Amino acid sequence: MENKVYMASCPICGHTLFKGKPESYIEGGCPKCKNYLQIHFTDVGVKSNIIVSKKEKS
């Protein structure tokens, strides 16, 4: 049986961040560009989402 391990990079700046196995999930921030990310490792690769919060009007 093959052990798959994938590397995830920031989709904004390309900084290498995490490695993980299929069906694992990580939330974390990129130390280089300061964006907060959701990383989901699947059987075929990596899915990255940038989490953006709406700013309240002052």
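Up top is the structure.
Here's what I pulled together on the structure shown here. Just so we're clear, the structure is a prediction, and the values are computed from it rather than from any experiment.

## Observations regarding the overall build of the protein chain
Secondary structure summary: the protein chain contains 0 helices and 5 strands in total. Along its sequence from the N terminus, the protein chain presents helices and strands in the succession β-β-β-β-β. The 58 residues of the protein chain split such that 19% are buried. When the accessible area of the protein chain is evaluated, it comes to approximately 4,700 Å², of which 51% is carbon and sulfur surface.

## Focus: a nonpolar patch on the surface
A surface patch of nonpolar side chains, amounting to about 290 Å² of accessible area, comprises I12, I50 and V52. For I12, the location among the structural elements is in the loop between β1 (6-9) and β2 (16-20).

## Observations regarding the sheet that holds strand β3 (residues 24-29)
A sheet is described by the order of its strands in space; here 3 strands give the open sequence β3-β4-β5, paired in antiparallel fashion. With one partner strand each, in any of the chains shown, β3 and β5 (46-51) form the two edges of the open sheet. Taking each pair of neighbouring strands and ignoring which way they run, the sheet shows an average axis angle of 20 degrees. Relative to strand β4 (residues 36-41), β3 runs antiparallel, the two being bridged by 6 bridges.

## Some details on the pairing of β4
The side-chain alternation of β4 yields one buried face, formed by L37, I39 and F41, and one unburied face, formed by Y36, Q38 and H40. A loop of 6 residues connects β3 with β4, the two strands running antiparallel in sequence, and K34 in this loop sits at a positive phi of about 70 degrees. Inspection of the sheet shows β4 paired to β5 by 6 bridges, in the antiparallel sense. Looking at the pairing, L37 lines up with I50 of β5. Between β4 and β5, which follow one another and run antiparallel, lie 4 residues.

Thresholds, definitions, all that
Residues numbered from 1 in each chain as written. Predicted model: local features only at pLDDT ≥ 70, side-chain atom pairs only at ≥ 80, totals over all residues. Heavy atoms only, no water. Helix = DSSP H or I, 4+ residues; strand = E, 2+ residues; numbered from the N terminus. Buried < 20%, exposed > 50% of the residue type's maximum accessible area, 1.4 Å probe, protein only. Areas by Shrake-Rupley, 256 points an atom, 1.4 Å probe, with all protein chains shown as cover. Patch = residues over 30% accessible without salt bridge, like charges linked within 9 Å, V, L, I, M, F, W, Y side chains within 5 Å. Salt bridge = Lys/Arg side-chain N within 4 Å of Asp/Glu carboxyl O. Pairing = 2+ DSSP bridges. Axes fitted to C-alpha atoms, helices over the stretch in contact; angles between N-to-C directions.

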